[in-house]
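Given next are the chains, with one letter for each unit.
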Amino acid sequence: MKEDLKETPAIAQKDVSRRQFLSYAGLAGAGLVIASCNNDDDDQPEPDGTVDLGSEDFGLLNYMFALKQLSAAFYTRFTTPFYPDAPTAETEFVPDIRDHEIAHRELLRNMLGDRAIIDFEFVLQNSIDFNNRPAVLAAAKDIEQKMISGFLGIANRFASAQYFEQIAKMTTVDGRHIAYISDVISYNSFALDVNTDRKDSPMTPEEVIAALSNYFPNTISAKRLPK
Amino acid sequence: MNLNKILKAIQEEGTDKVDNRRGLFKSFGSKVMMASLPLAAGSMFRTAKAQTASELIESLNLVLLWEQFGHAFYTKVLNEGPVFANASARAAFDLILSQKQQHIEYLSWVIHNGGGVANPAPVFDITGGKGSGTGPFAESLVDYRKMLSLAQTIEDLTIRVQKGTLTRLMVNDVFLSAVLGIHTVSGRYASKVRQMRWEAGAATVRPWVTGDRSDTENSYLQSYYHGEAVTVQSGIDMIGLNAQALVYDNVTEAFDEPMAKERAAEILDSFIQP
């Protein structure tokens, strides 16, 4: 681990130059993209209001930060208040899940510092009927699966072993969450949504962002993430 | 660009130009890389500590060994173990057993295709008696709740052992993907077994690990949770972070911690017949 950690300062240092450039341009961090501020591998400028995740490891962390912002907001709304007649098992455990997601979100916020993307202003009740238990549980399972598959889809793109390991510490907890939610929906379905090798499957950032786009108030651009 | 030039370029890059090294890797494409270069060459990417091909295979075999251990455990308790609470409980174990069987086949295939040899399963003693069959977990074969306690610990440990291999496997996309896809599924098993304990009356157990508590009365099992109660992540104190209601319990639950392979070997030693 000691050896692995050596890479982190290098990444941080490299990012300083980009950050300095952005701050000169009045755009500290990887926030809202101005249409005229294009980058090398973009063919089209981003529309106003698009959130650019950024590049390198910080782009990957911002991607995870965006997903954790969604899940934390979702579970916060899920639990305040619960749908009518929520069983004890749910009122007992779902608040834990909410708190785990908040912990993940806040850790990523601090790891990113001023490179963090904006705080999304979610309006989830437009997409989910929070009084409808099956709908809420289905959304929970879907968001958990996207976080798991989303991380599996970028795990090999990290330059820093430390950042990679930090996210990996969260992903098995998401595995614990999805098993719990799956069993609440359909008993003993805790590990049925896996592939033929009985593994969770990866998804690309583009696939995950498209699948969750109805929840996010902004368009998200993953164009500059490491490939 | 021939292989030697690539290797030389990589060596000259040093450790501070990660992106350029990544660029080299990507320009070749990981599949070509896998097929044409020895594993040791791939090991120069991304992690500063070089992993030889045999070290990578050793990590995969460690993951395989813990799948074999779990497989032996579920086989034993399903066939010779205690009376289960109900048919659903047996069905859950049947499912985990069958999936572990497939993980074993899959990992063996990955190891073989990676140029290594998949170790055959040793003879396990799930009582923790080194083959005597009378170890500290012998009651797992007659007491349903104690059996679930051991099952929980095996699943939580499997996660920790797998997690301990991940940064070593970063150098190889195929190996990393193989273990990570099993890793999150292991989280599903641990959660399920913990829910089964909760349903069987262990009221303090949750699907996630609180602090470093095993929530069992077995001192051996409890000792295996050492190192799980971490409240500082990436140098950031999580307690009360950013004025959120983050406290010891939910913070420690939110992260599963890796376990060093040496500690994993110590623990497993008593479960293997020499």
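Coordinates for the structure precede this section.
Residues numbered from 1 in each chain as written. Chains lettered and ligands numbered in written order. Predicted model: local features only at pLDDT ≥ 70, side-chain atom pairs only at ≥ 80, totals over all residues. Heavy atoms only, no water.

**Looking at the overall build of chain B**
Phase 1: If you tally the helices and strands in chain B, you get eleven helices and two strands.
Phase 2: Put simply, chain B runs from its N terminus to its C terminus through helices and strands in the order α-α-α-α-α-α-α-α-α-β-β-α-α.
Phase 3: Across the 274 residues in chain B, those meeting the buried criterion constitute 54%.
Phase 4: Put simply, of all contacts in chain B between residues at least 6 apart along the chain, 67% involve residues at least 24 apart.
Phase 5: Just so you have it, chain B exposes about 10,800 Å², and 55% of that area is on carbon and sulfur atoms. (Helix = DSSP H or I, 4+ residues; strand = E, 2+ residues; numbered from the N terminus. Buried < 20%, exposed > 50% of the residue type's maximum accessible area, 1.4 Å probe, protein only. Contact = heavy atoms within 4.5 Å. Areas by Shrake-Rupley, 256 points an atom, 1.4 Å probe, with all protein chains shown as cover.)

**So, empty space enclosed by the protein**
All names here are of chain A.
Phase 1: Overall, the coordinates contain two cavities of 30 Å³ or more when judged by the stated rule.
Phase 2: Empty space within the second largest cavity amounts to approximately 50 Å³.
Phase 3: The wall of the second largest cavity is formed by Met-64, Lys-68, Leu-108, Met-147, Phe-151, Ile-167, Met-170, Thr-171 and Asp-174.
Phase 4: Every element with two or more residues in the lining of the second largest cavity is listed here: helix H3 (56–79), helix H5 (133–154) and helix H6 (161–185).
Phase 5: Per-element tally for the lining of the second largest cavity: the top contributor is H6, with four residues.
Phase 6: For the lining of the second largest cavity, the class distribution of residues is six nonpolar, one polar and two charged. (1 Å grid on protein atoms, 1.4 Å probe; cavity = no way out; pocket = protein on both sides within 12 Å on 5 of 7 lines; lining within 4 Å. Points joined across faces, edges and corners; volume = space filled by probe spheres on them. Nonpolar A, V, L, I, M, F, W, Y, C, P; charged D, E, K, R; others polar.)

**Let's talk about the packing of aromatic side chains**
Phase 1: Applying the stated criterion to the full structure yields 28 aromatic pairs over all chains.
Phase 2: Here the aromatic rings of Phe93(A) and Trp208(B) are separated by 6.0 Å at their centres, their planes lie at 90°, and the arrangement is edge-to-face. Highlighted residues: Phe93(A) in helix H4 (residues 88–112) and Trp208(B) in the loop between helix H8 (173–199) and helix H9 (219–223), drawn from two different chains. For the pair shown, Phe93(A) and Trp208(B) are each scored as buried.
Phase 3: Between Phe84(B) and Tyr144(B), the aromatic rings sit 5.6 Å apart at their centres with planes inclined by 55°, giving tilted as the arrangement. Taken as a pair, Phe84(B) in the loop between helix H5 (53–80) and helix H6 (87–113) and Tyr144(B) in helix H7 (residues 144–169) lie far apart in primary sequence, 60 residues in all. A single burial state applies to Phe84(B) and to Tyr144(B), both of which are buried.
Phase 4: Over the ring of Phe84(B) we find Arg90(B), and its NZ or CZ is 5.0 Å from the ring centre. (Phe/Tyr/Trp six-rings, centres within 6.5 Å; stacked < 30°, edge-to-face > 60°. Lys NZ or Arg CZ within 6 Å of the ring centre and 35° of its normal.)

**With respect to the interface of chain B and chain A**
Phase 1: Every contact between the two is made by 65 residues of chain B and, on the other side, 66 residues of chain A.
Phase 2: Interface of chain B and chain A: buried area, both sides summed, is about 5,700 Å²; carbon and sulfur atoms make up 58% of it.
Phase 3: The three residues of chain B that bury the most area against chain A are Thr184(B), Arg188(B) and Trp208(B), which together make up 13% of that side's buried surface.
Phase 4: Our enumeration of links across chain B and chain A arrives at seven salt bridges.
Phase 5: Across the pair Arg188(B) and Asp200(A) runs a salt bridge, and its minimum N-O distance is 2.8 Å.
Phase 6: Across the contact surface, chain B and chain A share 37 residue pairs in polar contact (both at pLDDT 80 or more). (Buried area = accessible area lost by both parts, 1.4 Å probe. Salt bridge = Lys/Arg side-chain N within 4 Å of Asp/Glu carboxyl O. Polar contact = N/O pair within 3.5 Å; in protein donor to acceptor, adjacent residues only side chain to side chain.)

**Things to note about the pattern of salt bridges**
Phase 1: According to the stated counting rule, one finds 27 salt bridges over all chains in the structure shown.
Phase 2: A salt bridge links Arg206(B) to Glu92(A); its shortest N-O distance comes to 3.2 Å. You can see Arg206(B) sitting in the loop between H8 and H9 and its partner Glu92(A) sitting in helix H4, one on each of two chains.
Phase 3: Taking relative accessible area as the criterion, Arg206(B) reaches 14% and is therefore assigned buried.
Phase 4: Salt-bridge contacts for Arg176(A) lead to Asp256(B); the nearest nitrogen and oxygen are separated by 3.1 Å. In this pair, Arg176(A) sits in helix H6 while Asp256(B) sits in the loop between helix H10 (248–253) and helix H11 (261–269), so the two residues belong to two different chains.
Phase 5: Within this structure, Arg105(A), Glu106(A), Arg109(A) and Asp119(A) form a network of salt bridges that share partners.

**Remarks on the packing of H3(A) against H5(A)**
Residues and elements named next belong to chain A.
Phase 1: Across the interface, H3 lies against H5 with an axial gap of 11 Å and an inter-helix angle of 165°. By the angle between their directions, the pair H3 and H5 is classed as roughly antiparallel. Classified by chirality, the crossing of H5 by H3 is left-handed. Residue-level contacts link Leu-60, Tyr-63, Met-64, Leu-67, Lys-68, Leu-70, Ser-71, Phe-74, Tyr-75 and Phe-78 of H3 to Val-136, Leu-137, Ala-139, Ala-140, Ile-143, Glu-144, Lys-146, Met-147, Gly-150, Phe-151 and Ile-154 of H5.
Phase 2: Tallied by class, residues from the contact of H3 with H5 come to 16 nonpolar, two polar and three charged. (Axes fitted to C-alpha atoms, helices over the stretch in contact; angles between N-to-C directions. Parallel < 35°, antiparallel > 145°, perpendicular 65-115°, else oblique. Left-handed = near helix turned anticlockwise from the far one by under 90°.)

**Notes on the side chain of Glu67(B)**
All names here are of chain B.
Phase 1: Tracing the backbone shows Glu-67 in helix H5.
Phase 2: Reaching out from Glu-67, the side chain makes a polar contact with the side chain of Gln-162 at a distance of 3.2 Å.
Phase 3: Apart from the residues lying within four places of it in its own chain, the contact partners of Glu-67 are Lys-100, His-103, Ile-104, Leu-107, Thr-158, Gln-162, Ile-182 and Ser-186.

**Some thoughts on the packing of H6(A) against H7(B)**
Phase 1: At their nearest, the axes of H6(A) and H7(B) sit 10 Å apart, and the two run at 155° to each other. Considered as vectors, H6(A) and H7(B) are oriented roughly antiparallel to each other. For the element pair H6(A) and H7(B), the recorded crossing hand is right-handed. Within the contact between the two elements, H6(A) uses Ala161(A), Phe164(A), Glu165(A), Ala168(A), Lys169(A), Thr172(A) and Arg176(A) and H7(B) uses Asp156(B), Ile159(B), Lys163(B), Leu166(B) and Thr167(B).
Phase 2: Considered class by class, the residues forming the contact of H6(A) with H7(B) number five nonpolar, two polar and five charged.

**Here we look at unusual backbone geometry**
Phase 1: Each neighbour pair has its own omega, and for Thr80(A) with Pro81(A) the value is -10°, a cis peptide bond.
Phase 2: Within the element layout of this structure, Pro81(A) appears in the loop between H3 and H4.
Phase 3: For Lys130(B), which is not glycine, the phi dihedral falls at a positive 55°.
Phase 4: By the element assignment, Lys130(B) lies in the loop between H6 and H7.
Phase 5: Assessed through its relative accessible area of 44%, Lys130(B) is described here as partly exposed.

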